[in-house]
Amino acid sequence: MANELLARASLPPTSELLSRTIFAVYDAVKAANEVVIHKENFKRFSIHLENVSVILKSLSKEDINNAGSLQKTMAGLNREVEVAKQLSIECNIRSKVYLLINSRKIITHLNCCTKDIGRAISLIILSVSLDVNSGLNKRVSELCQKMLDAEYQTAATDEEILNKVEIAIQEGNVDRSYANQLLTGIAHAIGVPMEHGVLKREFEDLKNEMENAKSRMDGAEALHMEQIVAVLGKADFISSAQEKETKYFEKRNSLGERPLTALHSFHCPISHEIMVDPVETSSGKTFERSAIEKWFAEGNNLCPMTRLPLDTKILRPNKTLRMSIQEWKDRNTMITISTIKSELETNDEEGVVQSLDKLYDLCVEREVHREWLKMENCITVLIGLLSYKNREIRRRVLLILSMLAMDNEENKEDIVEVDNALGLIVRSLSRQVEERKLALELLLDLSKSKMVCSLIGNIQGSILLLVTMLNSDDVEAAKKAHELLENLSFLDQNVVEMAKTNYLKPLLQKLCTGPENMKRVMTETLSEISLTDQNKLSLVKDGALQPLLQLLLNDDVEIKKVSAKALLQLSNLPENGLQMIKEGVAQPLLELLYCHCLQSPTLLEQVVTTIMHLAKSTTHQQAEADQISFLDSEEDIYKFFSLISLTAPEIQNRILQAFQALCQSFYGFRIRKRLRQISAAKLLINLLEINTQKRVDALKLFYCLTEDDDHGNISSHITESFIKVLLNIINVSDDAEEIITTMGIIGKLPQESQMTQWLLDSGVLKTILTCLTDQHKHASHKIVENSVQALCRFTVSANLEWQKSVALEGLIPVLVQLLLSGSPFTKQNAAISIKQFSESSYRLSEPIKKPGIFKCCFGGQETGCPAHLGTCSVESSFCILQANALEPLVRLLPEPNVATCEASLDAILTLVDSEAPQSGSKVLANSNAIAQMIQLLNVQAPRLQEKILTALERIFQLDEVRNKYKIVATMPLVAITQGKDSRLKSLAARGLAQLGVLDKQSICSPVLQSHCCEERFSGEDVSAQNQVKASVQRKIRQSIAEEYPGLEPVLDDILPKKSPLIVAKCQNHLNLVLVNNVPLFFSVRDGPYMPTLRLLHQYPNIMKKLQVDRGAIRFVLAGANIMCPGLTSPGGVLDEDVGAECPVAIMAEGKQHALAIGFTKMSAKDIKAINKGIGVDNLHYLNDGLWKMERLD
């Protein structure tokens, strides 16, 4: 009893026992967490240990009485924890490659440690189970079970490496490529970089482990490690090139100079060939595997040599013999390669080809042969052979070099280090197809080395040849060329060279995604290289604009300049210009222009030229379709135009060209209007007066400003001296474009008497005559066109003096000649001038003097002009008959150009519009003009048809003419009465009535039937309002545009396409056209649309005008129709171009604005001739119901 008490007293306390073990477990956990190989497995193991420490801590809090039993079980646990700790430490200090190779052993050991610790824990609980609570017992039981069930596995990648190692050991003759792949996998698995120094250290550590195994007398492990070291030693990263070369030459120098004959045992007894895979049978004899397997397959089961029975299932690899055969082969191959090298250096081309074939076969056979070939310095010799003219030699050399370069960085570098190697390879790209493909494949392999990439691009013509191959019919070759270019594109300089050959994909990629410095380099390149139009389009389409725009917005002025130059390069195509405007390039360019360009002439020129290109792009049809405008604000126009005063002539011309283009764009009307508002004409006139060279751009822009019949801001700046400048330009210039434009300006100048007189005083008629007759100097038909158009201002019938000046200058015969030979536009204007001359002929024609008594007896009676019934001549009365102009005019009637046809008709009809219409009608009948006019009724040209119908009504007053053409005219007139145009229907019906086809009493214009219903119009008369469909809206717009051509520039403002168009139907067949509830146009039945007076006051020049005298005003404002005397008396004004049933504005003597809108009952000429009755129906007048209704809500 005393001994037992003494023993208990000597035992340490249970808490101390448990604390020691807990610390031991902590150390083991720490060691396990530091393991770098099999980290996942050791992490799981450390978690189990941590759970053990938690159990032990809980146990230390229990009141345990059985300390002796606990001490024994704790000792067992401590031993197992120490074993686990040592395993972890071993895995931290041993070679990483060694640990990987022994993964399976380590995992097995770790599994054992986990289970042993689990069992030790269970024993502890058994020894103290009576002293602990049931909850702790349960936790311990669960932990023990988890540790006993735990299974650690070797990682899949580790297993793959171990399998490869086993295959390499079994094969015994793996090549360098296999060793490299194996080493790469090992490096990845153990977590070390693929660097020579690092891998070399790991390899040396592995060799130390091998030596340690030998010192431990562990033969099996030592042999296994030796085999692995031998395999890995073949990898490039383990042995340096110098080490391999030293080892090779040590072996090769130990050999003789002649190949050795194969030993008898190397031959297969069955096939008598040298064996590749020797295997030993159950009889102990060795055969080639394929030969003995065939022997068995043929039903033989006796040994071919001993004739003893064989176990066909037993075939053991004879590794020793195989290694001996391989050693013999290697020895002979070394000698062969050395011999071949000497043969390649001879001049025997046939022998060289044969030697290259041998060398190729050796390269194909084994990778190590390629290493030996390199060590023998054959690469230099092979590169030299590429300069041979023999195609077969070059082809074979390229094949061998491709094999050497394949997956071997050192060989690639060795190839390119040979003098002019890359140059010779690149040269082959330009040769025969097969050689070109081989050279391409070789360069593609070489390009996988970045060092080589930097050299390939430096070879002259290399990138150009590769880019050319991209378009090859050989899809595979094109694909490889593309891949090679992609490899080369890592270097900026190569990308620049590619761009110079118009291969822009790499440049665009770097421009879009590269850092700012790279973007700048690419932008500079883009700005300097020559680009095809297709490439420019592709660059913009593929996204080049946004990075360039970002650079343009950069704070660095130099970067802005680079970007501006690149944008200039792309901007000269209309499609690109429109895209630039869309993407917001315009505003930054203008800001750059105003802030930085004036100090830099080069930048100023570039930016202004780019802006000019953008302006020109707005004339492209797509601009209108997409509604793309540029420089549209008054401020931008003013600022940009003002630069003309601050810049040199070259820049001035570009600015002028920009505005020319803008004036010709779909929104040109607004541009021209704003230029006139800022007095652009004044600056242009100053430029033309002081500048004697390169005036054409200023002239063209001035010509643009003379359009639209808006001369308010132009006339005041035109002086007599400017007129002389214009004529001087025509007289002295040799530039046809200048002459064309200047003559166009003369034709477009404001129709002011003083200006016309300045022109006459300055000799304009002689100048025009010269332009029309001197075909050698003025060969352009455009000069003739503009000259004839300019002449029209001097032939107006309102000024006989001007007409006489033209006639005396001899221009009338020239005009007649142009009716026959000019362009359609020339013929049109020639006809207009002849028409204006002919309008004066009747009053200038001299009456025929009555013959004296002697002349009656002895001489014939003077007949006079058949049309004017007097004495006519070209110079005195401008008679078109005397000028022989009638026949050419009649010949123009069938012209396909309607404007030409109409001008000719107007000239012809002057013969029946005179005071002797019957004589004129006879002349027209005799010249076949009437038949041609009737034919023209079939042409769908309402205005032309109206003029003919009006004229026929007058012509058919002559019975003989009416009877002659009755049959011919009936069908065209009937066809018109079946049409939709009410005016034409009415005129045609009157014509049919005149021919006796219809009863006159049945003919009444629907317009006249209903116009009076509108006089008392008010808002209460509206019966319905409807928003019309798009198709109907287009028809209304078209009808209004045709009726009032002067509205066309502003029609979109009056009738916006996106605003709903409302048609209000009212009583008495009245229709109103409303936009935003404002009445703008009205029509009666199917009659023409007429503007309201409020709209007419905004656009006063859109309608033809008639003026009443002062006495008629009060009657018109009371709603009365306009009588003929009110229009023909002094104070009244008639426009003789106004026909019957035509909408007109009624003006008043002394008043600025129209006081009514009416519909003529007869033509202006008839009003003048008849001078009685109602001339115009009054449809809408000031202060009537429609005037008072400003809105219809």
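Residues numbered from 1 in each chain as written. Predicted model: local features only at pLDDT ≥ 70, side-chain atom pairs only at ≥ 80, totals over all residues. Heavy atoms only, no water.

## Here we look at the packing of aromatic side chains
Put simply, the rule reads: Pairing of aromatic side chains requires ring centres within 6.5 Å, counting the rings of Phe and Tyr and the six-membered ring of Trp. Pairs whose planes differ by under 30 degrees are stacked, by over 60 edge-to-face, and all others tilted. We count a stretch as a helix when DSSP gives it H or I for four or more residues in a row; a strand needs E for two or more, and each element gets its number in order from the N terminus. We call a residue buried when its accessible area falls under 20% of the maximum for its residue type, exposed when it is over 50%, and partly exposed in between, using a 1.4 Å probe and counting protein chains only. Either the NZ atom of lysine or the CZ atom of arginine qualifies as a charge over a ring when it sits within 6 Å of the ring centre and within 35 degrees of the ring normal.
Per the counting criterion, the structure on display carries six aromatic pairs. Taking 5.4 Å as the distance between ring centres and 70 degrees as the angle between the ring planes, the aromatic pair formed by phenylalanine 641 and phenylalanine 659 counts as edge-to-face. With phenylalanine 641 in helix H35 (residues 634-642) and phenylalanine 659 in helix H36 (residues 649-663), this residue pair connects regions lying 18 residues apart in the sequence. We note that phenylalanine 641, like phenylalanine 659, is buried. Linked through ring pairs, Phe640, Phe641 and Phe659 together constitute an aromatic cluster. Note that arginine 1094 overlies the ring of tryptophan 1187, its terminal NZ or CZ placed 4.0 Å from the centroid.

## Some points on the UniProt feature "domain: U-box" (unreviewed entry) in the chain
Put simply, the rule is: UniProt positions are given in the numbering used here, feature names are shortened, and annotations may be inferred rather than shown by experiment.
Taking the numbering used here, the UniProt-annotated feature "domain: U-box" (unreviewed entry) corresponds to residues 261-335. For residues 261-335, the end-to-end C-alpha separation is 13 Å, with 35% helix and 11% strand making up the annotated structure.

## Focus on the sheet that holds strand S9 (residues 1105-1108)
Hydrogen bonding along the main chain pairs the strands of a sheet, whether they run parallel or antiparallel. Basically, it comes down to this: When DSSP finds two or more bridges between a pair of strands, those strands are recorded as paired.
Strand order across the open sheet formed by five strands is S9-S11-S12-S13-S10, with mixed pairing between neighbours. Each of the sheet's edge strands pairs with one partner strand only, and the pair in question is S9 and strand S10 (1122-1123). Looking at chain direction, strand S11 (residues 1143-1148) and strand S12 (residues 1156-1160) are connected through four bridges and run antiparallel. Directly across from valine 1144, in S12, lies its bridge partner glycine 1158.

## Quick notes on the packing of helix H54 (residues 929-936) against helix H56 (residues 959-977)
Put simply, the test is: Helix axes are fitted only over the stretch in contact, all axes being lines through C-alpha atoms; the angle between N-to-C directions runs from 0 to 180 degrees. An angle below 35 degrees is treated as roughly parallel, one above 145 as roughly antiparallel, one from 65 to 115 as roughly perpendicular, and anything else as oblique. Here a crossing is called left-handed whenever its near helix is offset anticlockwise from the far helix by less than a right angle, and right-handed whenever the offset is clockwise. A contact between two residues is defined here by any heavy atoms of the two lying within 4.5 Å.
In contact at an axis separation of 9 Å, H54 and H56 are set at 20 degrees when each is read in the N-to-C sense. By the angle class used here, H54 and H56 are roughly parallel. The handedness of the crossing between H54 and H56 comes out as right-handed. Listed contacts from H56 to Ile930, Ala931 and Ile934 of H54 are Val961, Tyr965, Val968, Ala969 and Pro972.

## Details of the nonpolar core
Inclusion rule: Take the buried Ala, Val, Leu, Ile, Met, Phe, Trp, Tyr and Cys residues and link them wherever side-chain atoms come within 4.5 Å; each set so joined is a nonpolar core.
Membership of the largest hydrophobic core comes to 172 residues, with the highest contact counts inside it found for Phe630, Leu675 and Phe702. Formed by 65 residues, the second largest nonpolar core is a distinct cluster that contains Leu70, Val81, Ala179 and Met225.

## A look at the pattern of salt bridges
In plain terms, the rule: We count a salt bridge whenever a side-chain nitrogen from Lys or Arg sits within 4 Å of a carboxyl oxygen from Asp or Glu.
Applying the stated criterion across every chain, the model contains 51 salt bridges. In this structure, glutamate 435 and arginine 431 form a salt bridge, with 3.7 Å as the shortest nitrogen-oxygen distance. Of the residues examined, glutamate 435 reaches a relative accessible area of 0% and is grouped as buried. A relative accessible area of 23% places arginine 431 in the partly exposed class. With a shortest N-O distance of 3.6 Å, glutamate 497 and lysine 500 are connected by a salt bridge. Of this pair, glutamate 497 and lysine 500 are both found in helix H25 (residues 492-500), three residues apart, which corresponds to roughly one turn of the helix. Using a relative accessible area of 25% as the deciding quantity, one classes glutamate 497 as partly exposed. Residue class for lysine 500 comes out partly exposed when judged on its relative accessible area of 49%. Linked by salt bridges that have partners in common, Asp357, Glu392, Arg395, Arg396 and Glu434 make up one network.

## Overview of helix H45 (residues 800-808)
Test applied: This arc is built from the directions going out from the helix axis to the C-beta atoms.
Buried residues of H45: Trp802, Gln803, Val806 and Ala807, and no others. Axial view of H45: buried residues confined to an arc of 135 degrees, hence all on one face. Counted as exposed and oriented over 90 degrees from the buried face of H45: Glu801 and Leu808. Against helix H42 (753-761), helix H43 (764-773), helix H44 (781-791), helix H46 (811-821), helix H47 (824-839) and helix H50 (874-877) lie the buried residues of H45.

## What about the packing of helix H18 (residues 391-405) against helix H21 (residues 433-446)?
In a pair of packed helices, the angle between the axes and the distance between the axes together describe the arrangement. Contact geometry of H18 with H21 gives a least axis separation of 9 Å together with a crossing angle of 25 degrees. Classified by the angle between their axes, H18 and H21 sit roughly parallel to one another. Crossing of H18 over H21 shows left-handed handedness. Every residue of H21 that contacts H18 at Arg391, Arg394, Arg395, Leu398, Leu399, Leu401, Ser402 and Ala405 is listed here: Glu434, Glu435, Leu438, Ala439, Leu442, Asp445 and Leu446.

## Section: unusual backbone geometry
In this structure, serine 679 is a non-glycine residue whose phi angle is positive, near 60 degrees. Mapped onto the fold, serine 679 is located in the loop between helix H37 (668-677) and helix H38 (680-690). Serine 679 gets classed as partly exposed once you look at its relative accessible area, which sits at 28%. Look at phenylalanine 878: it is not a glycine, yet its phi comes out positive at around 60 degrees. Relative to the assigned elements, phenylalanine 878 resides in the loop between H50 and helix H51 (886-892). Judged by relative accessible area, phenylalanine 878 falls into the buried class, the value being 2%.

## Let's talk about the state of the cysteines
Stated precisely, the cut-off is as follows: Criterion for a disulfide: a pair of cysteine sulfur atoms at a distance within 2.5 Å.
Tallied over the entire structure, the rule returns zero disulfides. For cysteine 113, which is in no disulfide, the shortest distance to another cysteine sulfur is to cysteine 112 and amounts to 7.0 Å. Free cysteine: cysteine 865, not disulfide-bonded; nearest cysteine sulfur from cysteine 879 at 3.7 Å.

## A short note on the sheet that holds strand S5 (residues 1061-1066)
Taken in spatial order, the five strands make up an open sheet running S4-S5-S6-S7-S8, and their pairing is antiparallel. Across the chains shown, the open sheet's two edge strands, defined by having one partner strand only, are strand S4 (1022-1027) and strand S8 (1090-1091).

## Things to note about the side chain of lysine 115
Under the convention used in this document: Pairing of N or O atoms within 3.5 Å defines a polar contact, subject to two protein rules: one partner must be a possible hydrogen donor and the other a possible acceptor, and residues neighboring in sequence count only if both atoms are side-chain atoms.
Along the polypeptide, lysine 115 turns up in helix H6 (residues 103-128). There is a polar contact of 3.3 Å between the side chain of lysine 115 and the side chain of glutamate 151. Aside from chain neighbours lying at most four places away, what touches lysine 115 is Met147, Leu148, Ala150 and Glu151.

## Points about the pairing of strand S13 (residues 1174-1181)
Most of S13 sits inside the fold, with seven of its eight residues counted as buried. In the sheet, S12 pairs with S13 via five bridges, with the strands oriented antiparallel. Opposite phenylalanine 1159, over in S13, you have aspartate 1177 as the bridge partner.

## Thoughts on the environment of isoleucine 463
Looking at where isoleucine 463 falls in the secondary structure, it is placed in helix H23 (residues 462-469). The buried category is assigned to isoleucine 463, whose relative accessible area is 5%. Distance from isoleucine 463 to isoleucine 834, taken between C-alpha atoms, is 69 Å for residues 371 residues apart in sequence. In this view, isoleucine 463 contacts Gly457, Leu485, Asn494, Glu497, Met498 and Thr501; residues no more than four positions away in its chain are not counted.

## Focus: the pairing of S11
Taken across its six residues, S11 has six buried, putting it largely inside the fold. Side chains of S11 alternate between two faces, with Pro1143, Ala1145 and Met1147 and Val1144, Ile1146 and Ala1148 buried alike. Bridging between S9 and S11 involves four bridges; their strand directions are parallel. Bridge assignment links leucine 1106 to a residue of S11, and that residue is isoleucine 1146.

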